[in-house]
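# A look at the structure
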Amino acid sequence: MPSPAPRTDRKPVVLMTMGAQPRNGHPYQVMTHKYITPLVEISGCVPLLVPTCCGAEDLEQYLDLADGVYLSGAGSNIDPALYGQENLTPEKPQDRDRDLFDIPLVRAAIDRGLPLLGICRGMQEINVALGGDIHQKVYNEPGYADHREDAEDPVEDQYGHSHQVSLVPGSWFAELMGEEQIPVNSLHGQGIRTLAKGLAPLAYAEDGLIEAIYAPALPQFTLAVQWHPEWKASENPHSIKLFEAFGAACRERRQQAG
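Predicted model, so just to flag it, every value in this text is computed and none were measured.

## Re the nonpolar core
Ranked by size, the top nonpolar core spans 34 residues in total, and within it Y70, L167, L223, W227, F243 and F246 carry the most contacts. In terms of residues, this core owes the most to one element, helix α7 (residues 237-257), which gives six residues. The contacts of W227, once residues within four sequence positions are left out, are I119, C120, V165, F173, I182, V184, N185, A203, E211 and A212. In this structure, L63, A109, L116 and A196 belong to the second largest nonpolar core, which totals 30 residues.

## Quick word on the sheet that holds strand β8 (residues 163-167)
Read across the sheet, nine strands follow the order β4-β1-β5-β6-β13-β12-β11-β8-β9 without closing on themselves; strand pairing throughout is mixed. Either end of the sheet is taken by a strand with one partner, and the two such strands are β4 (46-50) and β9 (181-184). In this sheet, neighbouring strand axes are inclined to one another by 20 degrees on average, regardless of whether the strands run parallel or antiparallel. Where strand β1 (residues 13-17) meets strand β5 (residues 68-71), three bridges bridge the pair, whose relative direction is parallel. By the bridge assignment, M16 is partnered in β5 with Y70. With respect to the sheet, α7 is in contact with β1, β5, β6 (116-119), β9 and β13 (222-225), its orientation differing from that of β6 by roughly 150 degrees.

## A short note on the pairing of strand β3 (residues 26-30)
Examined bridge by bridge, strand β2 (residues 19-23) and β3 share five bridges and lie antiparallel to one another. If you follow P22 over to β3, its bridge partner there is P27. Between β2 and β3, which pair antiparallel and follow one another directly, the connecting turn spans two residues, one of which, N24, has a positive phi of 55 degrees.

## Brief notes about the side chain of T52
Secondary-structure assignment places T52 in the loop between β4 and α2 (59-64). A polar side-chain atom of T52 sits 3.1 Å from the main-chain carbonyl oxygen of M18. Those residues in contact with T52, other than ones at most four positions away along the chain, are T17, M18, G19, Q29, D97, R98, F101 and D102.

## What to know about the environment of K197
Mapped onto the elements of the fold, K197 is located in the loop between β10 (191-194) and β11 (200-205). Along the sequence, K197 and L39 sit 158 residues apart, while their C-alpha atoms lie 29 Å from each other.

## Brief notes about the packing of helix α3 (residues 96-112) against helix α4 (residues 121-129)
In the contact formed by α3 and α4, the axes pass within 9 Å of each other and the chain directions differ by 65 degrees. On the basis of their axis angle, the class for α3 and α4 is roughly perpendicular. Read as a crossing pair, α3 and α4 show a hand that is right-handed. Contacts from R98, D99, D102, I103, V106 and R107 in α3 reach R121, G122, E125, I126, V128 and A129 in α4. For the contact of α3 with α4, the per-class residue count stands at five nonpolar, one polar and six charged.

## Let's talk about the pattern of salt bridges
Overall, the coordinates contain twelve salt bridges when judged by the stated rule. E60 is the salt-bridge partner of R112, the closest N and O atoms lying 2.7 Å from each other. Taken together, the residues span a long stretch of sequence, with R112 in helix α3 and E60 in helix α2 at a distance of 52 residues. Residue R112 is classed as partly exposed on the basis of its relative accessible area of 28%. On the basis of relative accessibility, which here comes to 40%, the residue E60 falls in the partly exposed class. In this structure, K232 and E156 form a salt bridge, with 2.7 Å as the shortest nitrogen-oxygen distance. A residue pair is termed long-range when its members are at least 10 positions apart, and K232 in the loop between β13 and α7 and E156 in helix α5 (residues 155-158) qualify at 76 residues.

## Thoughts on the environment of A145
In this structure, A145 sits in the loop between β7 (133-135) and α5. Considering only alpha carbons, one finds A145 and Y70, 75 residues apart in sequence, at a separation of 28 Å.

What counts as what
Residues numbered from 1 in each chain as written. Predicted model: local features only at pLDDT ≥ 70, side-chain atom pairs only at ≥ 80, totals over all residues. Heavy atoms only, no water. Core = buried A, V, L, I, M, F, W, Y, C linked by side-chain atoms within 4.5 Å. Buried < 20%, exposed > 50% of the residue type's maximum accessible area, 1.4 Å probe, protein only. Helix = DSSP H or I, 4+ residues; strand = E, 2+ residues; numbered from the N terminus. Contact = heavy atoms within 4.5 Å. Pairing = 2+ DSSP bridges. Axes fitted to C-alpha atoms, helices over the stretch in contact; angles between N-to-C directions. Polar contact = N/O pair within 3.5 Å; in protein donor to acceptor, adjacent residues only side chain to side chain. Parallel < 35°, antiparallel > 145°, perpendicular 65-115°, else oblique. Left-handed = near helix turned anticlockwise from the far one by under 90°. Nonpolar A, V, L, I, M, F, W, Y, C, P; charged D, E, K, R; others polar. Salt bridge = Lys/Arg side-chain N within 4 Å of Asp/Glu carboxyl O.

The values are spatial; any link to function lies outside them.
Written out as structure tokens, the structure reads:
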């Protein structure tokens, strides 16, 4: 019997790795709704949530299903041993299972030519995966502002606009946004210290901290940002443009793959 013709109306599938979170004495794998919603409603993609608690043995099998990879933020920090530093924030949670899944995931996604989007922790993972490192306490670094949210504020205030970022003039990202500066929120204590080889900045905070990156030599869509465009994305014109661009890249990838 001949094989059925492939469907051309199927939405792109995007891998989203989950993270560890203890609840009532039980370990959970979780993904916050706010990251999923814009991928579905704006990018027009199907999220495939991937647990990271069982190791990366099946990574390639997951990637066989994927038209893109989307690395979300999280409350945990990357294990500093993975970028050659001692842990300066032992009071903060870590998620080594996610680290050991996402770092090879970044490299494998790049090798396969898959579109790649990272947010906050996801941006830091991409940098570490490619050989860069992290300021563990940006707020203690001379010349840098405190980019953390106030935990006492309501969530609406925590995710409100905090500062401007300046987009690299003439970059594709500046053209996409249609502006030289855009307002962003800021909820991170860590940030890029040394940018990995092969990555380039797309935006800077007012204090000079790198806030957006991409891989200029790669043919596929690559973008990572330090802020949180997923927050009420459908109400933010800059977030809409970002998630639309990622969705378009994933659809193109799906079409190329047949």
